[in-house]
Amino acid sequence: MFRGLTGALSGLSLCSAGQIFSQQTRNTFILKRRTPPKLYKKNQKPEKLKGRHFVYELVEDTTIKKKPNLEVVLTTFVEGIGSKGDVVSLKPNEAYNKLLLPGLAVYKTPEAIAKYATEKDVQEEQLHSSAQAARTVSKIEETILAVVMNKDQPWVIERWHIKVALRKAGIYVPEDAITLPETPITGPDLLKQNKEFICTVTVNNLEQARLRCRIHHWSTDPSERLPYVFEHWKNQAEPLFGNDSAPQPKTSPAS
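All values reported here derive from a predicted model rather than from experimental measurement.

Thresholds applied
Residues numbered from 1 in each chain as written. Predicted model: local features only at pLDDT ≥ 70, side-chain atom pairs only at ≥ 80, totals over all residues. Heavy atoms only, no water. Buried < 20%, exposed > 50% of the residue type's maximum accessible area, 1.4 Å probe, protein only. Helix = DSSP H or I, 4+ residues; strand = E, 2+ residues; numbered from the N terminus. Arc of directions from axis to C-beta. Polar contact = N/O pair within 3.5 Å; in protein donor to acceptor, adjacent residues only side chain to side chain. Contact = heavy atoms within 4.5 Å. Salt bridge = Lys/Arg side-chain N within 4 Å of Asp/Glu carboxyl O.

Engineer: So, helix α2 (residues 92–100): which residues are in play, and what are the values?
Structural biologist: When we look at burial in α2, the residues that qualify are Ala95, Leu99 and Leu100. What you see down the axis of α2 is that its buried residues fit within an arc of 70°, all on one side. Across α2 from its buried face, at more than 90 degrees, point the exposed residues Asn93 and Lys98.

Engineer: Could you give me a rundown of the side chain of Ser219, with the residues and numbers involved?
Structural biologist: Topologically, Ser219 is positioned in the loop between β11 (207–218) and β12 (253–254). There is a polar contact of 3.2 Å between the side chain of Ser219 and the backbone nitrogen of Asp221. Excluding its chain neighbours within four sequence positions, the residues that come into contact with Ser219 are Lys151, Asp152, Glu224 and Arg225.

Engineer: Requested: an account of the pattern of salt bridges, with residues and values cited.
Structural biologist: For the coordinates displayed, the defined rule picks out nine salt bridges. Residue Lys139 is joined to Glu142 by a salt bridge in which the shortest nitrogen-to-oxygen separation is 4.0 Å. Taking the relative accessible area as the measure of exposure, Lys139 reaches 44% and is therefore partly exposed. We classify Glu142 as partly exposed; its relative accessible area is 27%. Within the structure, one salt-bridge network assembled from shared partners comprises Glu196, Arg212 and Arg214.

Below, the structure written as structure tokens:
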């Protein structure tokens, strides 16, 4: 019985030749002889090549060669890349997957450049002052800014306080682009500790971003300092003004 079963299984193959699929690939390898043969004169019989003449060295493998950037013409505004009619240069995969495939761009040709240069949407340009403006607004609005004020000396929050706090957070904003709340904010007042208020930051004199600010009192005397709160930006904060609707905190600190 076992002998018959062994004979039946011996005729089967785990991978028959008819089931193997082969696919061609466009690979190019540039080689050079390690020992090139000697040149021979005209009408002279060439010498027979020896084994050392068939040893090659790899010069270039096109499969790992970095491909050049692909230039495309945008057919509409794309955040972080450009406006309609702009010619941008991106990596081939990024240009194809993010722009060409969704129909946001076409290949760069003289006809495409002329067509979309004359069809630029004026209304779209007014909504977006630059390609990076929308991303800048998004970055500012997800930031929770810690405005550190003196715990011992009287103060009134001014625009330069917000400018300095933004600069400490790595965001550089001109002072005239900052709009404070209409109600003056004075201190020191521990009742305002960690209270949140909203400032407006204007980007390129067009886009406006709502900046969330929180007051933190600081004393030069170590014994008078308030206890440190770990990751204070993750905690819920009460609005400084009763009519403010403070959104839920995000995990983007700025202090």
